[in-house]
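The primary structure of each chain is shown beneath.
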Amino acid sequence: MYEANYSEVSEFVFLGLSTSRPVQHVLLTFSTVFYVTIVLGNLLVVFTVTFDSHLHSPMYFLLANLSFMDLCFSTLTVPKMISDLYSGQNTISFQGCVIQIFVLHVLGGSEMVLLIAMALDRYVAICKPLHYLTIVSPCMCIWLLVGAWLIGLIHAVTQVAFIVHLHFCGPSEIDSFYCDLPWFIKLACTDTYKLEFMVTANSGFISMGTFFLLIFSYIFILVTVWKHSSGGLSKALSTLSAHVTVVVLFFGPCIFVYVWPFPTVPVDKFLALLDFMITPILNPAIYTLRNKDMKMAMRRLSSQLLSLRKIS
Ligand SMILES: *[C@@H]1O[C@H](CO)[C@@H](O)[C@H](O)[C@H]1NC(C)=O
C-alpha cells in the first residue's frame, strides 16, 4: 500500500540564478565570455608548460596541473548552466546530480591539496633554496600529485556514500545552478540532521583547515623573507598578496556553503560563481601569466609556431 503511493523523484529542477528572461540573457552572455576565457587561458598555461623544455620543473608542473584542474572544475558546471540559460530547460537526472556532486568533491579536494603542495614548494624555494632541488624532486612532485588526487577521491567517496541511498519524494527544486550536498540533502525525505552534521564535519572542516594552513604558510614565508633580506620583501609581498586574494576568493564561498550550510541561503549560489567562473580565470592570470619565465616561454613558442607556418 505505502509503496504504491510512494512517488520517487527521478529528476531535479534547477531554479538557476534568476527567473527573469532579460537577466538570463545577460547571464548567458557573461558566462559564455567567462567560460571561453577560462578554457583559452588554462589551455595556454598547460600547452606552454608541456611544450617548453625550459619550464620542465616541479613548480611549473604543479601550475599546469592547477590549470588543468581549474578547467575541469568549471567545465563540470558552467556549460550545463549555459545550456540551461539558453534552452530554458533546467532539469538534471538523479544520477547526473550525484555524479556532479562526486566529481565536484574529487576536484575540489584535489585542488585544495595541490594549493598546499604549491605553498610548500614556494616555502622550500624561498626559505631553503640550497636544498630545493633535493627536496622538491620530480619524483616528489609526482607523489604530491598522486596524493592530491587520492585525497580528493577519498573525500568524495566518504561524502557520496552517505547520500546515494537517500529517498526523494518531492519537492524536487534546487535553488542553484548545480548540484551540491547542502541543496541535495535538504530535498531528501528523511531526517537529515546527521547528514548535515556530516557535511559540515567533512567538507567544512577540509575547507576551513586548508584555508588557515595556506594563510599561515604565507605569513610564515613572509616573515622568513623579511628577516633574511631587505630587498626581497616588496616583491614577496606583492606575489603573496596576489596568492592570498585568490585563496580568499576560492575558499570564502566554500566555507560559506559548507560550514554554515543549513539553512541554505540564496546568496550561496552567487558566491559559488566565484569558484566556477572567477578563480579559474585568476589562477592562470596570477600564478602564471605574471611570471617572467612564462612570458618568455610563450614568446618562444609563438615565434616557433610562426616559423613553422612560413616553412609549410
Ligand atoms: C602534472 O604534473 C606531472 C608531473 O609533474 C606532469 O608530468 C604532467 O604533465 C602535469 N599535467 C599537466 C596537465 O600539465
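Refer to the preceding data block for the structure.
Our subject in this report is the structure included herewith. The shown structure was predicted, so the numbers you read here are calculated from the model rather than taken from an experiment.

**Let's talk about the site of the ligand**
By nearness alone, every residue bordering the ligand is listed as Phe61, Ala64, Asn65, Phe68, Cys141, Ile142 and Leu145. Within the contact set of the ligand, an oxygen atom lies 2.4 Å away from a side-chain nitrogen or oxygen of Asn65. When the ligand is considered free in solution it has 360 Å² of accessible area, and contact with the protein chains removes 69% of it. Contributing elements (two or more residues each) for the shell around the ligand: α3 (58-87) and α6 (138-160).

**Examining the pattern of salt bridges**
Scanning all chains against the criterion turns up four salt bridges. The partner of Asp84 in a salt bridge is Lys80, with the nearest N and O atoms 3.0 Å apart. Placement of both Asp84 and Lys80 in helix α3 is noted, with a separation of four residues, approximately one turn of the helix. Assessed through its relative accessible area of 23%, Lys80 is described here as partly exposed. As a salt-bridge pair, Asp175 and Lys269 come within 2.7 Å of each other at their nearest N and O atoms. Taken together, the positions of Asp175 in the loop between β3 (173-174) and α7 (181-187) and Lys269 in helix α10 (residues 267-289) put the pair 94 residues apart, joining distant regions of the chain. The class for Asp175 is partly exposed, based on a relative accessible area of 27%.

**What to know about the packing of α3 against helix α4 (residues 94-127)**
Running from N to C, α3 and α4 point in directions that differ by 155°, and their axes come no closer than 10 Å. As the angle between them shows, α3 and α4 are arranged roughly antiparallel. In the crossing of α3 with α4, the sense of the turn from one axis to the other is left-handed. Considering only residue class, the contact of α3 with α4 consists of 16 nonpolar, five polar and four charged.

**Structural notes on a positive patch on the surface**
Taken together, the side chains of Lys235, Arg290, Lys292, Lys295 and Arg299 present a region of like positive charge at the surface. With three residues, the single largest contributor to the positive patch is helix α11 (residues 292-311). Along the chain, Arg299 turns up in helix α11. For Arg299, a relative accessible area of 57% translates into the label exposed.

Quick notes on the rules
Residues numbered from 1 in each chain as written. Predicted model: local features only at pLDDT ≥ 70, side-chain atom pairs only at ≥ 80, totals over all residues. Heavy atoms only, no water. Near = heavy atom within 4 Å. Polar contact = N/O pair within 3.5 Å; in protein donor to acceptor, adjacent residues only side chain to side chain. Areas by Shrake-Rupley, 256 points an atom, 1.4 Å probe, with all protein chains shown as cover. Helix = DSSP H or I, 4+ residues; strand = E, 2+ residues; numbered from the N terminus. Salt bridge = Lys/Arg side-chain N within 4 Å of Asp/Glu carboxyl O. Buried < 20%, exposed > 50% of the residue type's maximum accessible area, 1.4 Å probe, protein only. Axes fitted to C-alpha atoms, helices over the stretch in contact; angles between N-to-C directions. Parallel < 35°, antiparallel > 145°, perpendicular 65-115°, else oblique. Left-handed = near helix turned anticlockwise from the far one by under 90°. Nonpolar A, V, L, I, M, F, W, Y, C, P; charged D, E, K, R; others polar. Patch = residues over 30% accessible without salt bridge, like charges linked within 9 Å, V, L, I, M, F, W, Y side chains within 5 Å. Lys, Arg positive; Asp, Glu negative; His and termini not counted. Charge placed at Lys NZ, Arg CZ, Asp CG, Glu CD.

So far we have only geometry, and geometry alone does not tell us how the molecule works.
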